[in-house]
Structure formats: structure tokens, C-alpha cells
Amino acid sequence: MSDAAVVVKTRKFKRNPLLARRQMIVDIIHPGRANVPKAELQEVVGGMHKSDAKLVMLFGFRTKFGGGKSTGFCVIYDNEDALRKFEPKYRLVRQSFETKKEQSRKTIKQAKNKGLTIRGTGASIAKHKAKRAAGAD
């Protein structure tokens with residue numbers, strides 16, 4: 001793999017104060033490279049916008065046909081509290097802000113079916129108990 005320089009451009013920049021973040025579309029021009037790692041892009045975008053690299057979330061990247069150019073979405077949170085509050089859990093796991101809770105497929109299905117068997121007003125209580133039982137395993 002060649003270490004050719006990559007060009008990072010942002011467009012459709014928007015400040016979103018309700019979610020305490022800045023959001024934009026990121027265009028990466030990377031001739032001679034298949035793709036650019038997100039960790040490398042986090043450093044570059046964080047430097048461009050005077051932000052900490054770990055507050056930068058990059059996702060939804062698609063490489064254009066023929067290669068050499070990729071486009072994706074970027075959000076830069078104002079602080080870590082806002083990031084943990086508004087970012088989906090799977091993206092927090094990807095960035096190692098949280099750990100994924102390992103559950104077997106069988107226990108998930110058992111909890112679901114236990115919740116389905118009880119009908120009426122007791123169903124929500126049973127779902128809660130089933131969820132707690134699955135979490136204890």
C-alpha cells in the first residue's frame with residue numbers, strides 16, 4: 001500500500017446546538033490507496049476543526065466507483081458527555097467508549113419468548129423479569 005497523501009474536504013457543515021455537535025459531509029480523495037482508516041481520518045478532521053480526535057465520529061463511508069474518492073458523514077461533539085448521550089450504542093462500542101455485552105443467541109430468544117407467553121397486564125412485568133434474568137446469565 002502506498003502512503004500517498006490524502007485530501008480531506010468538508011461540505012454541508014452545520015452547527016447543531018441541540019445535540020451539542022457539528023456535523024458535515026466529508027470527501028476524501030485518496031489516489032493510489034484502497035481506503036483510508038477512520039483512525040487516521042479522525043486525527044485529520046479533528047485537527048481541521050480544532051477538536052479532540054476522540055470526539056470525532058465518522059461513519060457511512062462509500063467509495064466511489066473506480067476508487068480514489070470516498071464520501072462519508074462526520075459529527076464532532078462538543079464534549080464527551082454529549083457524545084455518550086446522543087451517539088448510538090453500537091458506534092460507542094466501535095470507538096471503545098463502551099464494551100459490548102456478550103449474550104448468546106439462545107438467551108436472547110428465551111427472554112423474548114418468556115415475555116410473549118404471558119398476556120394482559122402482567123406482560124410488561126414478565127418482560128422486565130426476563131430481561132433481568134438474561135442479563136444475570
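Rules and cut-offs
- Residues numbered from 1 in each chain as written.
- Predicted model: local features only at pLDDT ≥ 70, side-chain atom pairs only at ≥ 80, totals over all residues.
- Heavy atoms only, no water.
- Helix = DSSP H or I, 4+ residues; strand = E, 2+ residues; numbered from the N terminus.
- Buried < 20%, exposed > 50% of the residue type's maximum accessible area, 1.4 Å probe, protein only.
- Pairing = 2+ DSSP bridges.

**Q** I'd love a proper account of the overall build of the chain, names of residues and values included.
**A** The number of helices and strands found in the chain is five helices and four strands. Starting at the N terminus and walking to the C terminus, you meet the elements of the chain as β-β-α-β-β-α-α-α-α. Principal axes of the C-alpha set define a box for the chain whose edges measure 60 × 35 × 25 Å. A burial count over the chain gives 34% of its 137 residues as buried.

**Q** Requested: an account of the pairing of strand E2 (residues 21-29), with residues and values cited.
**A** With eight of its nine residues buried, E2 lies for the most part within the structure. Adjacent in sequence and paired antiparallel, strand E1 (residues 7-16) and E2 are bridged by four residues, among which alanine 20 carries a positive phi angle near 55°. Bridge analysis of E2 against strand E4 (residues 69-77) gives nine bridges, and the strand direction is antiparallel. Residue pairing across strands places glutamine 23 opposite valine 75, the latter belonging to E4.

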